[in-house]
Amino acid sequence: MAEFKIAPSILSADFARLGEEVVNVLASGADIVHFDVMDNHYVPNLTIGPLVCEALRKHGVTAEIDVHLMVKPVDRIIPDFAKAGASFITFHPEASEHIDRSLQLIKAEGCKAGLVFNPATPLTLAEHVLDKVDRILLMSVNPGFGGQKFIPHTLEKLRQARKMIDESGYDIDLEIDGGVNVQNIREIAEAGARTFVAGSAVFGAAQDSDPNKYETVIAALRAELAQAKI
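Being a predicted model, the structure only gives us computed values, none of them experimental.

Turning our attention to the UniProt feature "binding site: a divalent metal cation" (unreviewed entry) in the protein chain. On the UniProt side, "binding site: a divalent metal cation" (unreviewed entry) is annotated at positions that read His-34, Asp-36, His-68 and Asp-177 here. Separation in sequence by 144 residues is not matched in space for these annotated residues, since their most distant C-alpha atoms are only 10.5 Å apart. With respect to the helices and strands, the residue His-34 is situated in strand S2 (residues 32-38). Overall, the relative accessible area of 0% leaves His-34 in the buried class. Beyond its immediate sequence surroundings of up to four residues, His-34 is in contact with Ala-7, Pro-8, Ser-9, Ile-10, Asp-66, His-68, Leu-137, Glu-175, Asp-177 and Val-197. Note on placement: Asp-36 falls in strand S2. Filtering out sequence-adjacent residues up to four positions away, Asp-36 remains in contact with Ser-9, Leu-11, Thr-47, Ile-48, His-68, Met-70 and Asp-177. Polar contacts involving the side chain of Asp-36 include one to the side chain of Ser-9, which spans 2.6 Å.

We now examine the side chain of Lys-157. Tracing the chain through its elements places Lys-157 in helix H5 (residues 154-168). The side chain of Lys-157 is buried and forms no salt bridge, while Glu-94, the nearest opposite charge, is found at 7.9 Å. A polar side-chain atom of Lys-157 sits 3.4 Å from the main-chain carbonyl oxygen of Pro-119. In this view, Lys-157 contacts Phe-117, Asn-118, Pro-119, Ala-120, Thr-121, Leu-123 and Leu-138; residues no more than four positions away in its chain are not counted.

It is worth spelling out the pattern of salt bridges at this point. Taken as a whole, this structure holds 18 salt bridges when the rule is applied. Close ionic contact of Glu-64 with Arg-135 constitutes a salt bridge, the shortest N to O distance being 2.9 Å. Linking Glu-64 in strand S3 (residues 64-70) with Arg-135 in strand S6 (residues 135-139), this pair joins segments that are 71 residues apart in sequence. Classification of Glu-64 as buried rests on a relative accessible area of 18%. With a shortest N-O distance of 3.5 Å, Asp-131 and Lys-132 are connected by a salt bridge. Classification of Asp-131 as partly exposed rests on a relative accessible area of 45%. When salt bridges that share partners are traced, they join Asp-14, Arg-17, Glu-20, Glu-21 and Lys-213 into one network.

With that settled, consider the UniProt feature "binding site: substrate" (unreviewed entry) in the protein chain. In the numbering adopted here, UniProt assigns the feature "binding site: substrate" (unreviewed entry) to Ser-9, His-68, Gly-144, Phe-145, Gly-146, Gly-147, Asp-177, Gly-178, Gly-179, Gly-199 and Ser-200. Following the sequence through the fold, Ser-9 ends up in the loop between strand S1 (5-8) and helix H1 (18-27). The residues contacting Ser-9, other than those within four sequence positions of it, are His-34, Asp-36, Val-197, Ala-198, Gly-199 and Phe-203. Secondary-structure assignment places Gly-199 in the loop between strand S8 (195-198) and helix H7 (200-203). If we skip the residues at most four places from it in the chain, Gly-199 touches Ser-9, Ser-12 and Gly-204.

Analysis parameters
- Residues numbered from 1 in each chain as written.
- Predicted model: local features only at pLDDT ≥ 70, side-chain atom pairs only at ≥ 80, totals over all residues.
- Heavy atoms only, no water.
- UniProt positions renumbered as here; feature names shortened; annotations may be inferred.
- Helix = DSSP H or I, 4+ residues; strand = E, 2+ residues; numbered from the N terminus.
- Buried < 20%, exposed > 50% of the residue type's maximum accessible area, 1.4 Å probe, protein only.
- Contact = heavy atoms within 4.5 Å.
- Polar contact = N/O pair within 3.5 Å; in protein donor to acceptor, adjacent residues only side chain to side chain.
- Lys, Arg positive; Asp, Glu negative; His and termini not counted.
- Salt bridge = Lys/Arg side-chain N within 4 Å of Asp/Glu carboxyl O.

Below, the structure written as structure tokens:
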């Protein structure tokens, strides 16, 4: 039985109460904190940096923090996020002059490393560095903004990535980010994903009747995953 992990993206949380939001979503059954970093250069938006990551750790968050760097250049900021408490650091191949070196840098800083593939970026860029990769993240939207719709052809790309990972023999997580919701998460799991980033689908579904606001939506996502045929 595959282990599925739900990773709410704090990009869609209430930033005025970010620590409380993260504690609540984890208490509701989420597994991972997905941390979107955008620089208004590689992508057309500006979000958060290492100080926010460090603040979450100081607030008492012990869960995995999955830092997704949408910045260019990427190497300069990696040590800052490692020191701030990142568990995983993933980056886009297009944002690095030397992909192998960037992966080595992440590992040297004590974090797990991953590559992120935009909808039109070929998976072949991972072939020669699979021994250094702990996670492959497929974007099912173009990066930069939350709340976008899932791009359907990502399902076939997921199947290709699943095959590549399984044939490699390496222990590599396959993550999906963009437009994931209760309606499509089962199909996405059946295509090969094991970790699911969901922003507005989770933080936009808060219920005051839930003890920690998000139990209902997390349970609905897990119910769909339980029915996935893999």
